[in-house]
Amino acid sequence: MFPLVTKKQAAERIGLHPEHLMRMVRDGRFPKPVRFGPTDRHAVRFLKSEIDDWIAARIAEREGGATK
């Protein structure tokens, strides 16, 4: 089982607006979502584990340590 979260939930988790989150995805600064359809208009979900890893990497950078 892969715990998934919506775009809104992912954005809330990191304290950003959903559209800013998607800009970060497009820029390669946030993990890509799983798409459930052939176009951008279909549902997307993010893997909770990838969000947690991304957060941990930001904390490690802040602390001057290595990322995962």
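Below, the structure is looked at part by part.

The rules behind each value
- Position numbers for residues count from 1 along each chain, tracking the sequence in the order it is written.
- Residue-level local features of this predicted model are given only where pLDDT is at least 70; pairs of side-chain atoms are given and counted only at 80 or more, and the full residue set underlies all totals for whole chains, interfaces and linings.
- Hydrogen atoms and water are omitted, and side-chain values are computed over all heavy atoms in the structure.
- Going along the chain from the N terminus, every DSSP run of H or I of four or more residues is numbered as a helix, and every run of E of two or more is numbered as a strand.
- Residue burial is assigned from relative accessible area. The probe radius is 1.4 Å, only protein chains are included, and a residue is buried under 20% of its type maximum, exposed over 50%, and partly exposed in between.
- The contact definition used throughout considers only heavy atoms, calling two residues in contact when any of these lie within 4.5 Å.
- Per-residue and other accessible areas were derived by the Shrake-Rupley procedure at a 1.4 Å probe size, with only the shown protein chains allowed to occlude residues.
- Charge convention: Lys and Arg are scored as positive, Asp and Glu as negative, and His as well as the terminal groups of each chain are ignored.
- A charge is said to be at NZ when it belongs to Lys, at CZ for Arg, at CG for Asp and at CD for Glu.
- By the convention used here, strands pair only if DSSP detects at least 2 bridges between them.
- A fitted line through C-alpha atoms represents every axis, and for helices the fit uses only the stretch in contact; the resulting angles, taken between N-to-C directions, go from 0 to 180 degrees.
- Here the aromatic set is Phe, Tyr and Trp, taking the six-membered ring for Trp, and pairing holds for ring centres within 6.5 Å; pairs whose planes are under 30 degrees apart are stacked, those over 60 apart are edge-to-face, and all others are tilted.
- Here, the term nonpolar core denotes a set of buried Ala, Val, Leu, Ile, Met, Phe, Trp, Tyr and Cys residues that are joined through side-chain atoms within 4.5 Å.

The next subject is the overall build of the protein chain. For the protein chain, the count of helices and strands is three helices and three strands. Principal axes of the C-alpha set define a box for the protein chain whose edges measure 40 × 30 × 20 Å. Counting every position in the protein chain, which comprises 68 residues, the buried fraction comes to 26%. For the protein chain, the share of sequence-separated contacts (at least 6 apart) that also reach a separation of at least 24 residues comes to 41%. A total of about 5,100 Å² of accessible surface is found on the protein chain, and carbon and sulfur atoms cover 55% of it. If the 14 positive side-chain charges of the protein chain are averaged to one point and the 9 negative ones to another, these points end up 4 Å apart.

All right, on to the sheet that holds strand β3 (residues 44–47) then. Taken in spatial order, the three strands make up an open sheet running β1-β3-β2, and their pairing is antiparallel. Edge positions in the open sheet fall to β1 (4–6) and β2 (34–35), since each of these has one partner strand only. Pairing of β2 with β3, which is carried by two bridges, proceeds in the antiparallel orientation. In the sheet register, Arg35 faces β3, and the bridge partner there is Val44. On top of the sheet, helix α3 (residues 48–62) reaches β1 and β3; it is set at about 55° to β3, its chief contact.

On inspection of all chains with the given rule, the structure shows two aromatic pairs. Pairing Phe30 with Phe46 gives two aromatic rings, centres 5.7 Å apart and planes at 65°, and the pair type is edge-to-face. Linking Phe30 in the loop between α2 (18–26) and β2 with Phe46 in strand β3, this pair joins segments that are 16 residues apart in sequence. Phe30 sits in the buried class, given a relative accessible area of 4%. The rings of Phe30, Phe46 and Trp54 are connected pair by pair, giving a single aromatic cluster.

Bringing the pairing of β3 into the picture now. Bridge analysis of β1 against β3 gives three bridges, and the strand direction is antiparallel. Bridging from a neighbouring strand, Thr6 pairs with Arg45 of β3.

Grouped together as the largest cluster of nonpolar side chains are 12 residues: Val5, Ala10, Ala11, Ile14, Leu21, Met22, Met24, Val25, Phe30, Phe46, Ile51 and Trp54. Mapped by element, the contributors of at least two residues to this core are α1 (7–14), α2 and α3. Considering each element in turn, this core owes the most residues, four residues, to α2. Here Met24 is in contact with Leu16, Arg29, Phe30 and Trp54, once residues within four sequence places are set aside.

What is shown is where atoms sit, not what they do.
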